[in-house]
Amino acid sequence: MSVVETKVPAGFVPVYTRPKSLSDKRFTYCPGCHHGIITRLVAEAIDELGIQERTVGVAPVGCAVFLYEFFRCDFAQAAHGRACAVATGIKRANPDLIVFTYQGDGDLAAIGTAETIHAANRGENITVIFVNNQIYGMTGGEMAPTTLPGMRTVTTPEGRDVRTTGYPLRISEMLAQLDGPTYITRQAVFDVRHVQMARKAILKAFRNQLEGKGFSLVEVVAACPTNLRIPPAEGNRWVKEQALKYFPLGDLKVRD
Amino acid sequence: MEIGVIFAGFGGQGILLAGKVLAQAAMERGFEVTWLPSYGPEMRGGTANCTVVIADEPVGSPIVDRPQILVAMNGPSLERFGPRVAPGGMIILNSSLVKEPSVQGNARLLPIPLNDIAQELGEVRAANMVALGAVVKVLGLFPLEAAAEALAKELGARGREKLLEVNRQALWRGFALA
Amino acid sequence: MKVLLRGNEAMAEAAIRAGCRCYFCYPITPQGELVEYMARHLPRHGGVFLQAESEVAAINMVYGAAAAGVRTMTSSSSPGISLKMEGISYLAGARLPAVIVNVMRAGPGLGNIAPAQGDYFQATKGGGHGDYRLIVLAPSTVQEAAELVMLAFDLSDRYRVPAMILADGMLGQMMEPVELPEPIPPGRIPPKPWALTGAKDRAPNVVSSFDLDPYRFREILRALWAVYREIERNEVRWEEYATEDAELVLVAYGTMGRICRTVVRRARKEGLRVGLFRPISLWPFPYAPLRRLAERVPVLLTVELSAGQMWEDVRLAVEGRAKTPFYGELGGVVPTPEEILSEVKKHVRG
């Protein structure tokens, strides 16, 4: 698959181009999924900092499993949940590399909780992009640790019952309690203003690593219209009106 | 030639150290050796034992079913390992703690008041070295100085050089009594 | 110059001398001295020592460091190795070189910390999911443990296949004189053009065990198995002792192998023609040499600290050419030479 070439009409100046650190591969995300925006924001940050040639990504298991095909960077594919441990190994082996993970909520906040918390607690000098869409997308829409109370998934057909399945896990608030991490923030991309804010946050998370400041995590509250069984265009409203009730936006920890 | 020596006693009596010094000394004098500790979840207290094999060809089994020499630093060790000592073997018994030895096999019994001698020297923890001195004499494979050198190396590695003199004396006392 | 070292310490020192520069661990008995040794010594050689939050994390850190092109190792004992099996499968699938030391203890479950050989199947037949093999080397002396750790790094790099040292609690805990191998000069470690070093002046490198297309993935695995076949041709290692005129040969590896050496000596003193066949590489298993032995030796008595795991490979090798009785102990009990000798006497007459 390659990108359709767009002819620039005479008199127009292209201001929106494909980031250099993205490959020609077209994203495989569903319509309305926020992964596409977030993946692009990561690429923009890598471009802006000029670090493509020294960046190593760690791909998760989940909807971003093909991440290594989208980037023109070296990549490791991690086992489900283990991205922060793999990133630790890469960064410790070669501290000159810029290492980032990109993980969903199942990967980072369920099976990988321990790896995430301990990498944060050690203050590993890595960047973590955490896409919280409150559901297991790739496997077919099962309950995630972040699934909202009452929310229907294929494994909570009557809606998430907090008495038997617990509450949405606010992993960023948990991490912000630790002494280890440098930067923990929660962002969203449901409108232009928030995309710009998320962009700045991701840039800061990479810059922190460049400056040797330690562990940075950007949580992005996202929508999965496919598994929410809503039209693609409704995803933005879902985040704004439902998800943010449990996952308020803002910086949770900033150490400069 | 393959000789098995078992050191056994309470944890904290320096059982493993005595065995290690013996193994080190034998190695320095050109013998093949193995040192095998008992290991368990207890860090202190409880029982401890180790097996040293000294041979003139590469050692096969590091476990010894019939030791030629047993150092029994306490009663339970004598009961447990005494019956296994090879016929004609030697039991060096800590008579400070075991007054009336109950186990009798075909082994010879050499009672030495290890604790009392160490106490006289002003360092009760040196009882293990009194025992080791006796072992070196019974073995007759190398001079006591080999054990003293190995001990100096071991204490040096642990930053305990100041204990060297009293332990050296302990070695000599045990050697003289065997 | 010989030094008196524990098996655990000798393996750690050998790893450092082999150029291991990243070591990730989680504490477990009876391999604690290996962890402690690495904590004290590896940083002095400019290496990374990291105590992880779990065995699962440790093996995935190994995956990361290996992907970055560094010689890396982890060590554990049986229950911890079970936890590492997921990561080991990924290492195998992603063709990453790494060394894993298993200082076996008795299982299943929590079992105990006494020496055992119950992880043979896990090490040689898979353990983790999927169609893969590990290079598995089983030392029987502290000297050999040091040498095989060095070899494991070399083989693992050469074939891009993870290698496991299968030791046990006795070998880990015991001390023996060791002539330590010379350190490998950094220049002798082969370059790794596939490693993740940043995509500068080249196409991006990807370390992955993932391919959704069964036909493409089949080709990847065919290539992998071609490498395994090459390893089977080149890297079979074993030792024979007093087998020339033997009427019975003991087949044993690791700690049991050395104990059986004592059995052979005692049997010979009593006029019994007994020998020893000791596999050193458990994978690739020395099928052919054992088969040749079975052509002329009527009894091959397998002795293991298990209910009989390697025994299955012995029977696969022999294919009925000789009798293949078994003697084993369970639960961390180590049989004495005397006990094994009386078993030998059931099968051979002086």
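The structure presented is a predicted model; accordingly, all values stated were derived computationally and were not measured.

Draft legend 1. Region of the structure containing the interface of chain C and chain A. Contacts between chain C and chain A engage 31 residues on the former and 29 residues on the latter. Interface area for chain C against chain A, summed over the two sides, is near 2,400 Å², with a carbon-plus-sulfur share of 64%. Of all residues in chain C, E53, L196 and F210 of chain C give up the largest surface area on contact with chain A, accounting jointly for 22% of the area buried on that side. Applying the counting criterion to the chain C and chain A interface returns four salt bridges.

Draft legend 2. Layout of the packing of aromatic side chains. Applying the stated criterion to the full structure yields 18 aromatic pairs over all chains. For the pair F100 of chain A and F206 of chain A, a centre-to-centre distance of 5.5 Å together with 65° between the ring planes defines the contact as edge-to-face. Separated by 106 residues along the polypeptide, F100 of chain A in strand β3 (residues 98–104) and F206 of chain A in helix α8 (residues 192–210) bring together distant segments of the chain. Accessibility expressed as a relative area gives 0% for F100 of chain A, which makes it buried. By relative accessible area, F206 of chain A is classed as buried at 0%. One cation-aromatic arrangement involves K204 of chain A over Y183 of chain A; the distance from NZ or CZ to the ring centre is 5.2 Å. Of note, R315 of chain C hangs over the ring of W311 of chain C, and the distance from its end group to the ring centre comes to 3.8 Å.

Draft legend 3. Structural view of the interface of chain B and chain C. At the junction of the two partners, chain B supplies 23 residues and chain C supplies 26 residues. Taking both sides of the interface into account, the surface hidden between chain B and chain C amounts to around 2,000 Å²; carbon and sulfur atoms contribute 62%. Sorting the residues of chain B by area buried against chain C places W35, Y39 and D65 of chain B first, and these three jointly supply 32% of that buried surface. Across the pair E2 of chain B and R265 of chain C runs a salt bridge whose closest N-O atoms are separated by 3.6 Å. Remark: the boundary between chain B and chain C carries eight residue pairs in polar contact (both at pLDDT 80 or more). Residue assignment for the side of chain B that touches chain C shows that the elements contributing at least two residues are α1 (15–28) and β2 (32–37) of chain B. Sort the elements by how many residues they give to the side of chain B that touches chain C and β2 of chain B lands first, with six residues.

Draft legend 4. Representation of the arrangement of the chains in the model. Interchain contacts are distributed over two pairs of chains, and the most extensive set of them lies between chains A and C. Structurally, chain A and chain B remain out of contact, their C-alpha atoms never closer than 27 Å.

Conventions used here
- Residues numbered from 1 in each chain as written.
- Chains lettered and ligands numbered in written order.
- Predicted model: local features only at pLDDT ≥ 70, side-chain atom pairs only at ≥ 80, totals over all residues.
- Heavy atoms only, no water.
- Contact = heavy atoms within 4.5 Å.
- Buried area = accessible area lost by both parts, 1.4 Å probe.
- Salt bridge = Lys/Arg side-chain N within 4 Å of Asp/Glu carboxyl O.
- Phe/Tyr/Trp six-rings, centres within 6.5 Å; stacked < 30°, edge-to-face > 60°.
- Helix = DSSP H or I, 4+ residues; strand = E, 2+ residues; numbered from the N terminus.
- Buried < 20%, exposed > 50% of the residue type's maximum accessible area, 1.4 Å probe, protein only.
- Lys NZ or Arg CZ within 6 Å of the ring centre and 35° of its normal.
- Polar contact = N/O pair within 3.5 Å; in protein donor to acceptor, adjacent residues only side chain to side chain.

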